[in-house]
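# Results of the structural survey
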Amino acid sequence: MRKSLHGIFLSCLKASQLVEKQQVFGLSTSEAIQLKAHLLMCKGCDEYKSQSLFISKGIRNKIKKGDLNIQISLEELTMVQAKILAQFS
Amino acid sequence: MQKVSKLENSIDVPRQQLITNLVNNYSKEMLQWARNRVPRKEIAEDLVQDTFVVAFQKIDTFQERSQVKTWLFSILKNKIADYFRASFKMETKPLTDNVFFDNSDIWKNGELPRSWEIGDETQLLDNLDFKAALEDCQDKLPSTWNHAMVLKYFSDKDANEICKEMGITTSNYWQLIHRAKLQLRKCLDTNWFKK
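For the structure given in this document, a descriptive report is provided here. Just so we're clear, the structure is a prediction, and the values are computed from it rather than from any experiment.

### Some words on the overall build of chain A
- A tally of regular secondary structure across chain A gives four helices and zero strands.
- Going residue by residue from the N terminus, the α and β elements of chain A occur as α-α-α-α.
- In chain A, buried positions account for 47% of the 89 residues.
- Counting only contacts in chain A whose residues sit at least 6 apart along the sequence, the fraction spanning at least 24 positions is 55%.
- Summed over its atoms, the accessible surface of chain A is roughly 4,800 Å², and 57% of this surface lies on carbon and sulfur atoms.

Pasting the structure below:
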């Protein structure tokens, strides 16, 4: 984004911050409009947004899928249990 | 599913035996549960261990009426919250953005995000090598940043509640996520997409 536009529009720093804020808390109407305007003109930030969303999905996917297949092996469990019980003997 | 037992006659059974029973009956489930709520397996193990230490200390004050499992899990929940809270307290250094942005807050040369060849998104997200690369990049982040980013996926609470629980402001929270994302994006860009 060109420097001359910065009086009216968001900076790239601010725009990329709003991309994150939007995902967690949502944006006010004016913030949403400002961000949209910036993304229309700034290819880098627009790309940042899609990559950020992709990374969020990746992290969620890693955690939620892990939910189903965390299998604690008997070996591992026995070790942890022994470690815990050692505290009390 | 095993029926939840109660700590009956807890006064008559020696403490040692009691805690052994608790560990044998509940540690597996607690470990699985904790593993889904903290970033690392070692941390989950430590927190489960800490939970039993507290349980051992407080066993006399335990209300026989309440269920053992509920009691243990409530201690574990507190331990997990304490763990995250402590890491947010450690973040004291001021955050600067001059790595990625110039003095006018525009992307620096070479830091401007360029398109990734993602292809089939679902396939990539499930790709084990990609998952490992993502994990690797997360490990390189300061733990506070990573925690801010993962907390909402580990917790059942909404972001406002998480902030309250962690004692941080909402703007501090998304700013930490922003830092984490910038770094993580760059790391993936270098280690995966440009490889």
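There is more to say after this.
### A short note on the layout of surface pockets
Residues and elements named next belong to chain B.
- What the second largest pocket holds in volume is close to 330 Å³.
- Around the second largest pocket sit 15 residues that line it, and K77, I80, S155, K157 and E165 are the ones nearest its centre.
- When residues of the lining of the second largest pocket are traced back to their parent elements, those giving at least two are α3 (68-90), α6 (143-154) and α7 (159-166).
- In terms of residue count, α3 provides more of the lining of the second largest pocket than any other element does, five residues in total.
- Taken together, the residues of the lining of the second largest pocket sort by class into eight nonpolar, two polar and five charged.

### Description of the packing of α6(B) against helix α8 (residues 170-193) of chain B
All names here are of chain B.
- Interhelical geometry of α6 versus α8 gives an angle of 105° and a closest axis separation of 8 Å. The angle between α6 and α8 falls in the class roughly perpendicular. Contacts between α6 and α8 involve T144, W145, A148, M149, L151 and K152 from the first element and Y173, L176, I177, R179, A180, K181, Q183 and L184 from the second.
- Split into classes, the residues belonging to the contact of α6 with α8 amount to nine nonpolar, two polar and three charged.

### Things to note about empty space enclosed by the protein
- Under the counting rule described, the total for this entry stands at one cavity of 30 Å³ or more.
- Each pocket or cavity is described by its volume, and for the largest cavity that value is around 30 Å³.
- Along its surface, the largest cavity is lined by A:E20, A:Q23, A:S56, B:M149, B:K152, B:Y153, B:I177 and B:K181.
- Broken down by secondary-structure element, the contributors of at least two residues to the lining of the largest cavity are α1 (12-24) of chain A together with α6 and α8 of chain B.
- With three residues, α6(B) is the largest single contributor of residues to the lining of the largest cavity.
- Considered class by class, the residues forming the lining of the largest cavity number three nonpolar, two polar and three charged.

### Quick notes on the packing of aromatic side chains
- Within the structure shown, the criterion is met by eleven aromatic pairs over all chains.
- Ring geometry for B:F130 against B:W192: centres 5.3 Å apart, planes inclined by 75°, an arrangement best described as edge-to-face. Note that B:F130 is positioned in helix α5 (residues 128-139) and B:W192 in helix α8, a separation of 62 residues in sequence.
- With a relative accessible area of 2%, B:F130 lands in the buried category.
- Judged by relative accessible area, which is 25%, B:W192 ranks as partly exposed.
- Grouping aromatic residues by their ring pairs yields a cluster made of A:F54, B:W116, B:F130, B:W192 and B:F193.
- Over the ring of B:W33 we find B:R37; its NZ or CZ atom is 3.9 Å from the centre of that ring.

### As for the interface of chain B and chain A
- Counting residues at the interface gives 61 residues for chain B and 47 residues for chain A.
- Interface of chain B and chain A: buried area, both sides summed, is about 5,100 Å²; carbon and sulfur atoms make up 66% of it.
- Its largest share of buried area at the contact with chain A, chain B owes to B:Y153, B:W174 and B:K181, together 16% of the area lost on that side.
- The tally of links between chain B and chain A comes to five salt bridges.
- Among the ionic pairs, A:K83 bridges to B:D46, the shortest N-O distance being 3.9 Å.
- Taken together, chain B and chain A are joined by 17 residue pairs in polar contact (both at pLDDT 80 or more).
- Elements represented by at least two residues in the side of chain B that touches chain A include exactly α1 (15-35), α2 (41-58), α4 (121-126), α5, α6, α7 and α8 of chain B.
- For the side of chain B that touches chain A, a count of residues per class yields 31 nonpolar, 14 polar and 16 charged.

Basis of the calculations
- Residues numbered from 1 in each chain as written.
- Chains lettered and ligands numbered in written order.
- Predicted model: local features only at pLDDT ≥ 70, side-chain atom pairs only at ≥ 80, totals over all residues.
- Heavy atoms only, no water.
- Helix = DSSP H or I, 4+ residues; strand = E, 2+ residues; numbered from the N terminus.
- Buried < 20%, exposed > 50% of the residue type's maximum accessible area, 1.4 Å probe, protein only.
- Contact = heavy atoms within 4.5 Å.
- Areas by Shrake-Rupley, 256 points an atom, 1.4 Å probe, with all protein chains shown as cover.
- 1 Å grid on protein atoms, 1.4 Å probe; cavity = no way out; pocket = protein on both sides within 12 Å on 5 of 7 lines; lining within 4 Å.
- Points joined across faces, edges and corners; volume = space filled by probe spheres on them.
- Nonpolar A, V, L, I, M, F, W, Y, C, P; charged D, E, K, R; others polar.
- Axes fitted to C-alpha atoms, helices over the stretch in contact; angles between N-to-C directions.
- Parallel < 35°, antiparallel > 145°, perpendicular 65-115°, else oblique.
- Phe/Tyr/Trp six-rings, centres within 6.5 Å; stacked < 30°, edge-to-face > 60°.
- Lys NZ or Arg CZ within 6 Å of the ring centre and 35° of its normal.
- Buried area = accessible area lost by both parts, 1.4 Å probe.
- Salt bridge = Lys/Arg side-chain N within 4 Å of Asp/Glu carboxyl O.
- Polar contact = N/O pair within 3.5 Å; in protein donor to acceptor, adjacent residues only side chain to side chain.

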